[in-house]
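What follows is each chain in one-letter form.
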Amino acid sequence: VREAVVSTQSTGVYDRAADFHKILAGDERFNHIYADSPSHICFRVRGKEEINYERAVEGLRRRGLYIEYYIDFFRLVPVNESFGEEQLRDVLDEIYDVVMKEC
């Protein structure tokens, strides 16, 4: 039974990631990287030469968003079943806003 639950959860993550990859690939504000990752959504913000990712993450946390970054890109793993396409679009709007205004 535990294997079935883990398998279902994994499939959900992979399905959401595939959907999110499509959304991100169509958003010109972002440079979609590692597009072939089955579970991670990795991207950079376009339009700024240098981005202080620590400052961006601090700004996002002040808005109640906890986003990971790795050296020079943001990274999301869509494990929460209630986090859907609309929420992703809202988060991308917030990330873009913070980077453009605060970094």
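It should be noted that the structure appears before, not after, this text.
A short tour of the structure in this document, coming up. These figures come from a predicted structure and were not determined experimentally.

Thresholds, definitions, all that
Residues numbered from 1 in each chain as written. Predicted model: local features only at pLDDT ≥ 70, side-chain atom pairs only at ≥ 80, totals over all residues. Heavy atoms only, no water. Buried < 20%, exposed > 50% of the residue type's maximum accessible area, 1.4 Å probe, protein only. Helix = DSSP H or I, 4+ residues; strand = E, 2+ residues; numbered from the N terminus. Arc of directions from axis to C-beta. Contact = heavy atoms within 4.5 Å. Polar contact = N/O pair within 3.5 Å; in protein donor to acceptor, adjacent residues only side chain to side chain. Pairing = 2+ DSSP bridges. Axes fitted to C-alpha atoms, helices over the stretch in contact; angles between N-to-C directions. Salt bridge = Lys/Arg side-chain N within 4 Å of Asp/Glu carboxyl O.

Examining helix H2 (residues 53-62)
Turn by turn, an α-helix covers 3.6 residues, leaving residues three or four places apart pointing in a common direction. Looking at H2, one finds that the buried residues are Tyr53, Ala56, Val57, Gly59 and Leu60. Looking down the long axis of H2, one finds its buried residues gathered within 160° of arc, a one-sided arrangement. Packing partners of the buried residues in H2 comprise strand E2 (41-45), strand E3 (68-70), strand E4 (73-76) and helix H3 (85-102). For H2, the N-terminal cap is Asn52; the gap from its side-chain oxygen to the backbone nitrogen of Glu54 is 3.2 Å. At the exit of H2 stands Gly64, carrying a positive phi of roughly 85°.

Description of the sheet that holds E4
If you walk across this open sheet you meet the four strands as E1-E2-E4-E3, and the pairing is antiparallel. With partners counted over all chains shown, the strands left at the sheet margins are strand E1 (30-33) and E3, one partner each. Within the sheet, the average angular offset between the axes of one strand and its neighbour, ignoring direction, is 35°. When E1 meets E2, the two strands line up antiparallel, connected through four bridges. When the bridges of E2 are listed, His32 appears paired with Phe43. Its contacts with the sheet put H2 on E2, E3 and E4, and the angle it makes with E4 is roughly 45°. Of the strands in this sheet, E1, E2 and E4 touch H3, which is tilted by about 35° from E2.

A short note on the pattern of salt bridges
Per the counting criterion, the structure on display carries 10 salt bridges. In this structure, Arg29 engages Asp27 in a salt bridge whose closest nitrogen and oxygen atoms are separated by 2.7 Å. Measuring nitrogen to oxygen at the nearest pair gives 2.6 Å for the salt bridge that ties Glu102 to Arg62. Of this pair, Glu102 sits in helix H3 while Arg62 sits in helix H2, and the two are 40 residues apart along the sequence. Looking at Glu102, the relative accessible area reads 25%, which means it is partly exposed. When salt bridges that share partners are traced, they join Arg62, Arg63, Glu94, Asp97, Lys101 and Glu102 into one network.

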